[in-house]
Amino acid sequence: EYSCDRASLLVAQDLEVVAAALLKLFSGTSRYDLDPKAFIQQAVDYEKQLERANPLVRMSIEQQRRTHPLPVKRLSELEKWAASDEFRRLVPSSTSGKESEKLR
């Protein structure tokens, strides 16, 4: 899942566009007015809360068996990767300032 998410970000080069696509995928519809910026913020908040959580709670959440990662975790990992040096090295150097700003 994470590799596919990263590939979509490499293609779109816009975290908000990828977040919107993921929202539609997770919700199963595009009929509702979903806010990708709010979803990105939720992912950031999730990571912050998880870091502050009781170690037993954190361990319990991290060790739950799932066939797929939680949607908020997928976006959280993607957001971290979008801000990484690794991602910046992979993005073409011709990316304009406007497009680069979208990735933050």
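Each remark here, short or long, concerns the structure printed above.
Residues numbered from 1 in each chain as written. Predicted model: local features only at pLDDT ≥ 70, side-chain atom pairs only at ≥ 80, totals over all residues. Heavy atoms only, no water.

The next subject is the nonpolar core. By size, the foremost hydrophobic cluster in this structure holds 18 residues, and its most contacted members are Leu9, Leu15, Leu22, Phe39, Leu75 and Leu78. Mapped onto this core, the elements with two or more residues apiece are α2 (15-27), α3 (36-52) and α5 (71-82). Ignoring any residue separated from it by four or fewer positions in sequence, one finds Leu75 in contact with Leu15, Ala19, Leu22, Phe39, Ile40 and Ala43. (Core = buried A, V, L, I, M, F, W, Y, C linked by side-chain atoms within 4.5 Å. Buried < 20%, exposed > 50% of the residue type's maximum accessible area, 1.4 Å probe, protein only. Helix = DSSP H or I, 4+ residues; strand = E, 2+ residues; numbered from the N terminus. Contact = heavy atoms within 4.5 Å.)

What follows deals with the packing of aromatic side chains. Note on aromatic pairs: each is described by the distance of the centres and the angle between the planes. For the structure shown, the criterion picks out two aromatic pairs. Measuring from centroid to centroid gives 6.2 Å for Phe26 and Phe39, while their planes differ by 75 degrees, and the two rings are edge-to-face. Highlighted residues: Phe26 in helix α2 and Phe39 in helix α3, separated in sequence by 13 residues. What makes Phe39 buried here is its relative accessible area of 6%. Consider the rings of Trp81 and Phe87, whose centres lie 4.9 Å apart with planes at 65 degrees: the pair is edge-to-face. Judged by relative accessible area, which is 0%, Phe87 ranks as buried. (Phe/Tyr/Trp six-rings, centres within 6.5 Å; stacked < 30°, edge-to-face > 60°.)

What follows is about the environment of Phe26. Residue Phe26 is classed as partly exposed on the basis of its relative accessible area of 29%. In sequence terms Phe26 and Pro71 are 45 residues apart; their C-alpha atoms lie 7.1 Å from each other. Ignoring any residue separated from it by four or fewer positions in sequence, one finds Phe26 in contact with Phe39, Pro71 and Arg74.

Here the phi dihedral of Gln13 falls at roughly 55 degrees; this positive angle occurs in a residue that is not glycine. Looking at the secondary structure, you find Gln13 in the loop between α1 (2-12) and α2.

Structurally, the position occupied by Arg74 is in helix α5. On the basis of relative accessible area, Arg74 is assigned to the buried category, the value being 6%. With residues near it in sequence (within four places) discarded, Arg74 still touches Glu1, Tyr2, Asp5, Leu22, Leu25, Phe26 and Pro69.

Geometry only, nothing functional implied.
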